[in-house]
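What the coordinates show
Each chain is listed here by its residues.
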Amino acid sequence: MATTAAPGPTPSAGPHEGSPHAAPAPAPQPPTQPQTPGNPPAASPSPKQAPVNKLGVAAVVITVVLWASAFVGIRAVGPSFSPGSLTLGRLAIAAVVLGAVVLPKLRMLPKGREWWPILAYGVMWFGGYNVALNAAEHLLDAGTAALLINVNPILVAVMAGILLKEGFPRWLIIGSLIAFAGVAVIALSSGQRSTADVAGVLLCLLAAVLAAVSVIVQKPVLRKFPAAQATWFGIMVGAVCCLPFTGQLVAELQQAPLPATLGLVYLGIFPTAIAFTTWAYALSLIDAGKLAATTYLVPGTTILISWLVLGEVPTVWGLVGGAICLVGVALTRRRSR
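Residues numbered from 1 in each chain as written. Predicted model: local features only at pLDDT ≥ 70, side-chain atom pairs only at ≥ 80, totals over all residues. Heavy atoms only, no water.

Where helix α2 (residues 83-102) meets helix α3 (residues 115-136), the closest approach of the two axes is 8 Å, and the angle between their N-to-C directions is 130 degrees. In terms of axis orientation, α2 runs oblique to α3. With respect to the hand of their crossing, α2 and α3 are arranged in right-handed fashion. Between α2 and α3, the contacting residues are Pro83, Gly84, Leu86, Thr87, Arg90 and Leu91 on the first element and Phe126, Gly127, Asn130, Val131, Asn134 and Ala135 on the second. Looking at the contact of α2 with α3 residue by residue, the classes come out as 6 nonpolar, 5 polar and 1 charged. (Axes fitted to C-alpha atoms, helices over the stretch in contact; angles between N-to-C directions. Helix = DSSP H or I, 4+ residues; strand = E, 2+ residues; numbered from the N terminus. Parallel < 35°, antiparallel > 145°, perpendicular 65-115°, else oblique. Left-handed = near helix turned anticlockwise from the far one by under 90°. Contact = heavy atoms within 4.5 Å. Nonpolar A, V, L, I, M, F, W, Y, C, P; charged D, E, K, R; others polar.)

Here it is in structure tokens:
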């Protein structure tokens, strides 16, 4: 997860990185490229590095927990909102909340061809993915949907290795296979509770493909635009695509009970505005394939949230599968030598 900087000419030398061959500088200045060895001031850049690691890990944890809660939330409000109106409602709320953060700091808009990848992941991820997932959860339970979506990390790892030239690190492949095995264990343990509807399965697989392609498309955008801005651009594009569902959303809001409306607000703020931003931030720091592997934790987290919120007690094999996923994701963090 880019935890250490390459020990070269970069200024991020740690306090233990003194090299006896460097000539001592009379007045070590922070801007100078090669810092004097053995001098305590050389430790100053290391705080820049540590926060990146901690913030990146925190962003991944927030994303996993909030996305896991989304599967439960979608299932809970599903009876009150159809797939298209639910997507529009989530995106409209997210656009307002995130826009309040982004707009005061917005100094530059995408130009010309810079819009193409934004339009692509806006349509596919924020629009198509959400509509497909919402429709799937009308047919499948939350746990099954979360499991099926986890074809996504494998697709991302393959495409990132080919298109983004990230390669196929040995531990990424080993860890991904182990984590996928954990997902399979969870799937077998919850099979008796699943409504294995063919249409629902196909919709989940479609959502997984759209999400995987969107991750690859979004990665280069994050080299120029901050995570919050890149996310807000995509949300706005997705919301525009879902405008045909406006009448449906208005009608359903008038009839929806208060808990369902509050659930829609939650989905718009937390799994959409916040989680997609923390994902984009983590994606700007971490290889796409390695980051996608962390989403193997979503099904197990979904089961735990269902346990706490809905009182659905997980099976022993479900807990075992979650532990296997944790081991697999941990292995993807190892460095190949």
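Having seen it, we continue.
With that settled, consider the nonpolar core. Core analysis: the largest hydrophobic core is formed by 73 residues, its most contacted members being Phe71, Phe81, Trp125, Tyr129 and Ala288. A total of 11 residues in this core trace back to one element, the largest contributor, which is helix α1 (residues 46-77). (Core = buried A, V, L, I, M, F, W, Y, C linked by side-chain atoms within 4.5 Å. Buried < 20%, exposed > 50% of the residue type's maximum accessible area, 1.4 Å probe, protein only.)

To continue, consider the confidence of the model for the protein chain. Chain-level pLDDT for the protein chain is 78 on average; 73% of the residues reach the 70-or-more range. Contacts of residues 1-52 to residues separated by more than four positions or lying in other chains number 38 contacts, the stretch itself having pLDDT below 50. Residue range residues 192-196 is modelled with pLDDT below 50. Its contacts to residues more than four positions away, or to other chains, number 8 contacts. (pLDDT = per-residue confidence, 0-100.)

Summarising the element assignment, Thr301 is placed in helix α12 (residues 297-310). Residue Thr301 is classed as buried on the basis of its relative accessible area, which comes to 18%. Non-local contacts of Thr301, meaning those with residues more than four positions away in its chain, are made with Val64, Val65 and Ala68.

Here the focus is the packing of α2 against helix α9 (residues 246-255). Look at α2 against α9: their axes get within 8 Å of each other, and the N-to-C directions meet at 90 degrees. Relative to α9, the element α2 lies roughly perpendicular. Taking contact as the criterion, the partners of Ser85, Leu88 and Gly89 in α2 are, on α9, Thr246, Gln248, Leu249 and Glu252. Among the residues making up the contact of α2 with α9, the classes are represented as 2 nonpolar, 4 polar and 1 charged.

Tracing the backbone through its elements, the reader meets Thr63 in helix α1. For Thr63, a relative accessible area of 3% puts it in the buried group. Filtering out sequence-adjacent residues up to four positions away, Thr63 remains in contact with Ala275, Thr278 and Trp279.

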